[in-house]
Amino acid sequence: MKTGKQLVRLLAGTLMGALPLHSMAQDAKMNSYVSTLMQKMTLEEKIGQLNLVSVGFDVTGPIVSQDVDSKIRKGQVGGVFNTFTPNAVRKLQELAVKESRLHIPLLFGYDVIHGHKTIFPIALGIASTWDMGLVEQSARVAATEASADGLNWTYSPMVDIARDPRWGRISEGAGEDPWLGSEVAKAMVKGYQGNGFDGNNTVLSCVKHFALYGGAEAGRDYNTVDMSRIKMYQYYLPPYRAAVDAGAASVMTSFNEVDAVPATANKWLMTDLLRKQWGFKGFVVTDYTAVNEMTAHGIGDLQQVSARALNAGVDMDMVGEGFLTTLKQSLQQGKVSLTAINDACRRILEAKYKLGLFTDPYKYCSEDRAAKEIMSAEHLAAARTVAEHSFVLLKNAQQVLPLQQSGTIALIGPLANNQRDMIGSWSAAGDWKKAVSIATGIKNLVGDKVNVLYAKGANLLDDTAILKQLNANGGEIVADAKSPEALLNEAVSTAKQADVVVAVLGEASGMTGEAACRSNIGIPDNQEALLQALVATGKPVVLVLMNGRPMTLGWENAHVSAILETWFPGIEAGNAVADVLFGKYNPAGRLTATFPRSVGQIPVYYNHKNTGRPYDGKSNEKYKSRYLDIPNDPLFPFGYGLSYTSFTYGDVQLDKQTVTGNQALQASITVTNSGKYAGEEVVQLYISDPVASVTRSVKELKGYQKIMLQPGETKTVTFAVTPELLKFYNSDLQYVWEPGEFIIQIGTNSQDVHSASVNWTK
Ligand code: BGC
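Residues numbered from 1 in each chain as written. Predicted model: local features only at pLDDT ≥ 70, side-chain atom pairs only at ≥ 80, totals over all residues. Heavy atoms only, no water.

**Some points on the pairing of strand S11 (residues 392-396)**
- With respect to burial, S11 is a largely interior element, 5 of its 5 residues being buried.
- Looking at chain direction, S11 and strand S16 (residues 562-565) are connected through 4 bridges and run antiparallel. Bridge pairing links Asn 396 to Ala 562 in S16. (Buried < 20%, exposed > 50% of the residue type's maximum accessible area, 1.4 Å probe, protein only. Helix = DSSP H or I, 4+ residues; strand = E, 2+ residues; numbered from the N terminus. Pairing = 2+ DSSP bridges.)

**Here's the deal with the nonpolar core**
- Judged by nonpolar contacts, the single largest core of 125 residues is most densely connected at Val 542 and Leu 581.
- Sorting elements by how many residues they give to this core places helix H7 (residues 132-148) first, with 8 residues.
- Setting aside anything within four residues of it in sequence, one finds Leu 581 in contact with Leu 401, Pro 402, Leu 403, Ile 442, Val 502, Val 542, Val 544, Leu 564 and Tyr 644.
- One finds Leu 102, Met 270, Val 319 and Ala 340 within the second-largest nonpolar core, a separate group that totals 88 residues. (Core = buried A, V, L, I, M, F, W, Y, C linked by side-chain atoms within 4.5 Å. Contact = heavy atoms within 4.5 Å.)

**Notes on the environment of Phe 81**
- Mapped onto the elements of the fold, Phe 81 is located in strand S2 (residues 79-81).
- A relative accessible area of 2% means that Phe 81 is categorised as buried.
- Along the primary structure Phe 81 and Leu 52 are separated by 29 residues, whereas in three dimensions their C-alpha atoms are 7.3 Å apart.
- Phe 81 has contacts with Leu 52, Val 53, Ser 54, Val 55, Gly 109, Tyr 110, Tyr 155, Tyr 288, Met 318 and Val 319, leaving out every residue within four places of it along the chain.

**Considering the environment of Gln 137**
- Of note, Gln 137 is situated in helix H7.
- Gln 137 gets classed as buried once you look at its relative accessible area, which sits at 2%.
- Considered as a pair, Gln 137 and Met 188 are 51 residues apart in the sequence and their alpha carbons are 8.2 Å apart.

**Re the pairing of strand S5 (residues 204-210)**
- With 7 of 7 residues buried, S5 lies mostly within the body of the structure.
- Where strand S4 (residues 153-154) and S5 come together, 2 bridges link them in parallel fashion. Pairing of Trp 153 across the sheet is with Leu 204, part of S5.
- Taken together, S4, helix H8 (residues 178-193) and S5 form a β-α-β motif whose crossover is right-handed.
- As paired strands, S5 and strand S6 (residues 250-253) are joined by 3 bridges and run parallel to one another. By the bridge assignment, Cys 206 is partnered in S6 with Ser 250. (Right-handed = clockwise from strand over helix to strand, strands pointing away.)

**Here's the deal with the packing of helix H13 (residues 302-312) against helix H14 (residues 322-332)**
- Viewed as axis vectors pointing N to C, H13 and H14 meet at an angle of 90°, and their least axial separation amounts to 9 Å. By the angle between their axes, H13 is roughly perpendicular relative to H14. Residues Leu 302, Gln 303, Ser 306, Ala 307, Ala 309 and Leu 310 of H13 touch H14, and the partners they reach there are Gly 322, Phe 323, Thr 325, Thr 326, Leu 327, Gln 329 and Ser 330.
- Here the residues of the contact of H13 with H14 are counted per class, giving 6 nonpolar, 7 polar and no charged. (Axes fitted to C-alpha atoms, helices over the stretch in contact; angles between N-to-C directions. Parallel < 35°, antiparallel > 145°, perpendicular 65-115°, else oblique. Nonpolar A, V, L, I, M, F, W, Y, C, P; charged D, E, K, R; others polar.)

**Re the packing of helix H9 (residues 229-236) against helix H10 (residues 238-245)**
- Put simply, H9 and H10 touch, their axes get as near as 6 Å, and they point 55° apart. As judged from the angle between their axes, H9 and H10 are oblique. Contacts between H9 and H10 involve Met 232, Tyr 233, Gln 234, Tyr 235 and Tyr 236 from the former and Pro 238, Pro 239 and Tyr 240 from the latter.
- Class assignment for the residues of the contact of H9 with H10 results in 7 nonpolar, 1 polar and no charged.

**A look at the domain arrangement of the chain**
- Per the domain assignment, the segments of the chain are domain 1 (376-595) and domain 2 (647-761).
- Taking the mean C-alpha position of each, domain 1 and domain 2 sit 36 Å from one another.
- On the domain 2 side, the residues contacting the 7 residues of domain 1 number 9 residues.
- Carbon and sulfur atoms make up 40% of the surface buried where domain 1 meets domain 2, a total of about 620 Å² over both sides.
- The largest share of the area that domain 1 buries against domain 2 comes from Asn 586, Ala 588 and Arg 590, three residues that together contribute 64% of it.
- Counting across the domain 1 and domain 2 interface gives 1 salt bridge.
- With its nearest N and O atoms 2.7 Å apart, the salt bridge here joins Arg 590 to Glu 681.
- In this assembly, domain 1 and domain 2 are joined by 3 residue pairs in polar contact (both at pLDDT 80 or more).
- A class-by-class count of the residues in the side of domain 1 that touches domain 2 yields 3 nonpolar, 3 polar and 1 charged. (Domains from an automatic or database assignment. Buried area = accessible area lost by both parts, 1.4 Å probe. Salt bridge = Lys/Arg side-chain N within 4 Å of Asp/Glu carboxyl O. Polar contact = N/O pair within 3.5 Å; in protein donor to acceptor, adjacent residues only side chain to side chain.)

**Looking at the site of the ligand**
- Taken together, the neighbourhood of the ligand is formed by 14 residues, with Asp 111, Arg 169, Lys 208, His 209 and Asp 287 sitting nearest.
- Between Asp 111 and the ligand, the recorded distance is 2.5 Å, taken from a side-chain N or O atom to an oxygen atom.
- Coverage of the ligand by the protein chains reaches 99% of its 310 Å² of free accessible surface.
- Taken together, the residues of the shell around the ligand sort by class into 7 nonpolar, 2 polar and 5 charged. (Near = heavy atom within 4 Å. Areas by Shrake-Rupley, 256 points an atom, 1.4 Å probe, with all protein chains shown as cover.)

Given below as structure tokens:
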């Protein structure tokens, strides 16, 4: 098997360079082409371009569009989503190109979120690699397969910052940190769009959900967001901005409100911020029926909300057909301008032009390419590598891991011999029947060298109300024919025969993702009971966790021997898990979202502010910012993750005690592999700004380096700190740095750091 770095080189090849730049000459050519076309278009045809319809396969809500074929013929459709495969796409494209009056080709979008058919780990897992080469690679493979399957537009990356693990969609993003989230956003856009759209293996990316969708109150999906501007700018907006700066071709509005105006009608957001301040040149699409939903938000009927969306800067209406059915009337009544319609239409046509669809509308419709490239050995190897790198070792007492390839293992749990849940939520085109179960992966690796005994031990859930709901939405969770007691007893007697128990437990994939929020974020009760019974056997228990969010794991952490967090690992799940359990790959993933001790701590995140009465975690003083019943600190902090080896840090060395103006400060630290395995460490740089004109986070991530160390090897890691890393948004929302003391912190996670102080003058 190839190493991560070899794969990155192999697959990234030519696409790691700069992003697409449309030259001025190209722009002029495009403008003239689009202008000429638009002169021929009727008002209805222009409005038609703003209409995005869902056809076929998966949907997340009602299909409003009826009679799509005839709408395409009449020029009433600008794009289609949820349809793929070269043949299906060709069929619809032919309707547009051959049978509509002006022969304008369609866009074909889809939720290619963590791989198309070669499913990678869920996005939260991909981010946990802290390896932007691999992040980019996952998007590159996804784009290659999607574009081979007829698609030219993906609704990814999802870059919503999330501090609330109750929110099911935390699984779809990169976690809680704006700096890391921005790095991931850039890498994803690069992976999808490559150097542009001249070839046929890149797709338009769509940054979503603009904006602040992850800030939903109480972690309940679609819920209200209410946030100060300074909080938006400092913590929530940077990843969207990074994706826009990286050249993302489109932006999707979010369902929530921003400053008491739904994002989809928010002119400040879509026009002032996105277009004027950030210089975004692509097109804006709504989320699924987000225009229509503004009626329920309480800002008007369909005609009113459609007009507001267009006036705010929305170009394309997903599914709801508010634009299609009301904009003409709104124009006649002076509620929208022809300029606004023209601008939106132009942006959609420009995207089609940039893709080259006017030259070759079928450029993504090659059956040959689909057969050759989709789920190629190379892509599967990439998925396996990314999965291995995404796992986070949360506990490893007495070095129970890696396992020896000998003796007897009891493999227990509803996710142990399971394919359905391996690929996680939003694996739209993925075929779970092709996923490698953990049982199969272990067998593939150890063959007959290990005696592997299996027992299911529990259903994924015994809660009938939740089961019913999950199964009504494609959960496919089958309750075992055996009673819960029989399952548990069988598991316990299996465990007793083994040297070590590997319990594969966690969430069903449908318990995560969109509209899958939970108020209790522990392992389901029946699985917890199984785990307790396994621990009671006295055998060492390795918990392999699968889940789409930070979970509350207090009991588990106190009682099991080892915990390996594997998220939902994707199509190569079993092979990747086996590689890590048996030490073929030494885990190096790090958390990108804090694991709370209990739901009552939420939101708990590393880059919080100090209060006026900060609690030191030790004293018994009453009037401090603290809980009576639990500590303030989380169970596992941001950046946390262990290795089979251990790393020892030296002190932070600064090359200057005082720095002036735009000078760079070199901050170094030595890291030694003090254990017995070769392994990677993610050396993290945090900066604190103890005195500023506005209150600052206690620390903020500003860099990291992932290094490989052989046993006994020491490396010096150096970060160049520039004033750019000291900047923040002040009360006037200016992005500035202020002179004074800064504390440079370097360490293995956000809590465990070594510090040195520096004085920075202007
Ligand atoms: C989701 C989006 C997704 C869209 C299209 C919506 O329900 O919020 O993330 O891209 O559906 O499928």
